[in-house]
Amino acid sequence: MDKRSEMHRRERRRYIVGYGGSLLLTLAVFTIAYKYGIQTKGVYLSIALLGLAQLIVQLVYFLHIDRRRSSREDLDLVLFSTLVLLIIILGTVWIMGNLAVRMHTYPM
Amino acid sequence: MKRAPTHSYPGLNLGRRHASADKASEVVTFGFWVFLMSDLVYFGLMFAIYITMIDAQAGGPGPHELYDLKSIFAQTLILLTSSLTVGLAMLALKYNLPRARIVLWFGVTLVLGLSFLVLEIRDFMAMADKGGIPQRSGFLSAFYGLVPLHGLHVATGCIWLIVLGIQLRLFGLTDRLMSRVVRLALFWHFLDLIWIGIITIVYFGGLSYG
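With that settled, consider the overall build of chain A. If you tally the helices and strands in chain A, you get three helices and zero strands. Ordering the α and β elements of chain A from the N terminus gives α-α-α. Burial status across chain A gives 35% buried among its 108 residues. Sequence separation of 24 or more characterises 50% of the internal contacts of chain A that already satisfy a separation of 6 or more. When the accessible surface of chain A is summed, it comes to about 7,200 Å², and 70% of that surface belongs to carbon and sulfur atoms.

Listed below in C-alpha cells is the structure:
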C-alpha cells in the first residue's frame, strides 16, 4: 500500500473514532436524562461532565488540537479564549446571582 | 512504518502533498481561528445571559412546557453526523479522491445542515404556539438570543457550502479553494462544539434549574 492511501486511511479512522466517541457520549447523556429525569443535581452534574468530555473528544479528533509541538500555538489561543470566557460567564453569574439574593428575588 | 503527518499550522491541515496550498493556508487559517475564538466569546456572553435569566420567566411558559427533547436528540445526531461528513469531504479533497466522492460528502453535509435547520424552525414554531415568544419573558428573550444565533451560523455555513460548490464547478480545485474548504470544515466543527454547549446548558440546564 502506498504512503498516500495509508495516510488517508489513518486520517479517516481518526474522524470515525471521534464520531463514534461523540455518538456514545450523546447517547449516554440522553439515556441518563430519559431514565433518571433531570431534576436532581447529581444527574445534571453527570450530564455536564459528559458534555465536557464530548467537547474534548471533538477538539482532539475533529479539530486536531493536541499537545504536539506544532499545534501548541493554537492550544494557547484556545486556552486563552477559554479563560476569557470563564471570567465572563462565572463573573456574570456570580454578580447577578449576588444581586438577586440582595434584592430578595432568590432564596439564600 | 510512517510517522504521523506533521502539522505546520493549527487545526486541519492540507499536508505536504499540497505544499503550496498548505503554505498559503497557514496565516489565514490561524486568522480564522482568531475569528472563531472571538465568536466563541460572543456565544459565551449569550450563555451567561441565559444562565442569569433562567428564573426570569415572569409567569410565562418555562423549559418544561417548551422544550421537546426528542427533537433536540434528532438535531444533535444530525449535526454530529454532518460534522463527520464535512471532515470526510475535506479528506476527499485532500487526497484527490474521485469527484463523485467529493460531491457526495458535500451534498450529504448540505442536506444534513438544512434538515437541522428545518427541525429547529419547527421547534421554534411549536414553542411560539405555546406562547413561548421572545417578548414574553426575560428567559425567552435570552433563549431566542442564543439558540437562533447558532441556527443563523448553521444557515451561513450552508450558504458558504453552496458558494464553494459553485466555485468548485467554475474554477476547479485550486489552492485557494482548498484553503477555503479547510476553513469551512473548521467553522462546521466549531458549530458542533457550540451545539454541545447549547444542549448541556440551555436544554438540560434549563430543565434542571428552570
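Our focus in this paragraph is the confidence of the model for chain B. Mean pLDDT over chain B: 88, with 89% of residues reaching 70 or higher. pLDDT under 50 marks residues 1-8 of chain B. Its contacts with residues more than four places away, or in other chains, come to 17 contacts.

Time to look at the interface of chain A and chain B. Tallying the contact residues gives 48 residues for chain A and 54 residues for chain B. Taken over both partners, the interface formed by chain A and chain B buries close to 4,900 Å², and the fraction arising from carbon and sulfur atoms is 74%. Linking chain A with chain B are one salt bridge. Here Lys94 of chain B and Glu11 of chain A are joined by a salt bridge, their closest N and O atoms 2.6 Å apart. On inspection of chain A and its partner chain B, the count reaches five residue pairs in polar contact (both at pLDDT 80 or more). At the level of secondary structure, the elements contributing two or more residues to the side of chain A that touches chain B comprise helix H1 (3-36), helix H2 (41-61) and helix H3 (72-102) of chain A. Looking at which element gives the most residues to the side of chain A that touches chain B, the answer is H1 of chain A, with 18 residues.

Residue and element names in this part refer to chain A. By the definition in use, this model includes three salt bridges over all chains. Across the salt bridge formed by Arg10 and Glu6, the nearest N and O atoms sit 3.5 Å from each other. Taken as a pair, Arg10 and Glu6 lie in helix H1 at a separation of four residues, close to a single helical turn. Each member of the salt-bridge network shares a partner with another, and the members are Glu6, Arg9 and Arg10.

The subject of this paragraph is the side chain of Ser179 of chain B. Residue and element names in this part refer to chain B. Tracing the chain through its elements places Ser179 in helix H6 (residues 175-209). Given the relative accessible area of 6%, Ser179 is considered buried. Of note is the side chain of Ser179, whose polar atom sits 2.5 Å from the side chain of Arg183.

On the secondary structure map, Gln57 of chain B appears in the loop between helix H1 (19-53) and helix H2 (63-66). Setting aside residues no more than four positions away along its own chain, Gln57 of chain B makes contact with Gly62, Pro63, Ser137, Phe139 and Gly210 of chain B.

Further remarks concern helix H3 (residues 69-94) of chain B. Residues spaced three or four apart along an α-helix point in a common direction, a consequence of the helix completing one turn every 3.6 residues. Residues and elements named next belong to chain B. Between its first and last C-alpha, H3 extends 38 Å over 26 residues, near the 38 Å set by a 1.5 Å rise per residue. With 20 of its 26 residues buried, H3 lies for the most part within the structure. Within two residues after H3, Asn96 carries a phi angle of roughly 50°, on the positive side.

Moving on, we get to the packing of H1 of chain A against H6 of chain B. If you want to describe how two helices pack, look at the angle between their axes and the distance between the axes. Where H1 of chain A contacts H6 of chain B, the axes come no closer than 13 Å and their chain directions differ by 10°. Here H6 of chain B runs roughly parallel to H1 of chain A, going by the angle between their axes. On the side of H1 of chain A, the interface is formed by Tyr15, Val29, Phe30 and Ala33 of chain A, while H6 of chain B contributes His189, Ile199 and Phe204 of chain B. Here the contact of H1 of chain A with H6 of chain B is built from residues that sort into six nonpolar, one polar and no charged.

Further remarks concern the nonpolar core. In summary, soluble globular proteins display a tendency toward joint burial of nonpolar side chains. Membership of the largest hydrophobic core comes to 90 residues, with the highest contact counts inside it found for Tyr50, Tyr67, Phe143, Trp195, Val202 and Tyr203 of chain B. Secondary-structure elements contributing two or more residues to this core are H1, H2 and H3 of chain A together with H1, H3, helix H4 (99-129), helix H5 (138-171) and H6 of chain B. Both domains that furnish three or more residues to this core are identified here as domain 1 (1-64) and domain 2 (68-108) of chain A.

Right, let's talk about unusual backbone geometry for a bit. Residues and elements named next belong to chain B. The phi angle at Ala58 is positive, at roughly 50°, despite the residue not being glycine. For Ala58, the position within the fold is in the loop between H1 and H2. A positive phi is found at Asn96, a non-glycine position, where the angle reads about 50°. Along the chain, the position of Asn96 falls in the loop between H3 and H4. Here Asn96 falls in the partly exposed class, since its relative accessible area comes to 37%.

What counts, and where the lines are drawn
Residues numbered from 1 in each chain as written. Chains lettered and ligands numbered in written order. Predicted model: local features only at pLDDT ≥ 70, side-chain atom pairs only at ≥ 80, totals over all residues. Heavy atoms only, no water. Helix = DSSP H or I, 4+ residues; strand = E, 2+ residues; numbered from the N terminus. Buried < 20%, exposed > 50% of the residue type's maximum accessible area, 1.4 Å probe, protein only. Contact = heavy atoms within 4.5 Å. Areas by Shrake-Rupley, 256 points an atom, 1.4 Å probe, with all protein chains shown as cover. pLDDT = per-residue confidence, 0-100. Buried area = accessible area lost by both parts, 1.4 Å probe. Salt bridge = Lys/Arg side-chain N within 4 Å of Asp/Glu carboxyl O. Polar contact = N/O pair within 3.5 Å; in protein donor to acceptor, adjacent residues only side chain to side chain. Expected span 1.5 Å × (residues − 1). Axes fitted to C-alpha atoms, helices over the stretch in contact; angles between N-to-C directions. Parallel < 35°, antiparallel > 145°, perpendicular 65-115°, else oblique. Nonpolar A, V, L, I, M, F, W, Y, C, P; charged D, E, K, R; others polar. Core = buried A, V, L, I, M, F, W, Y, C linked by side-chain atoms within 4.5 Å. Domains from an automatic or database assignment.

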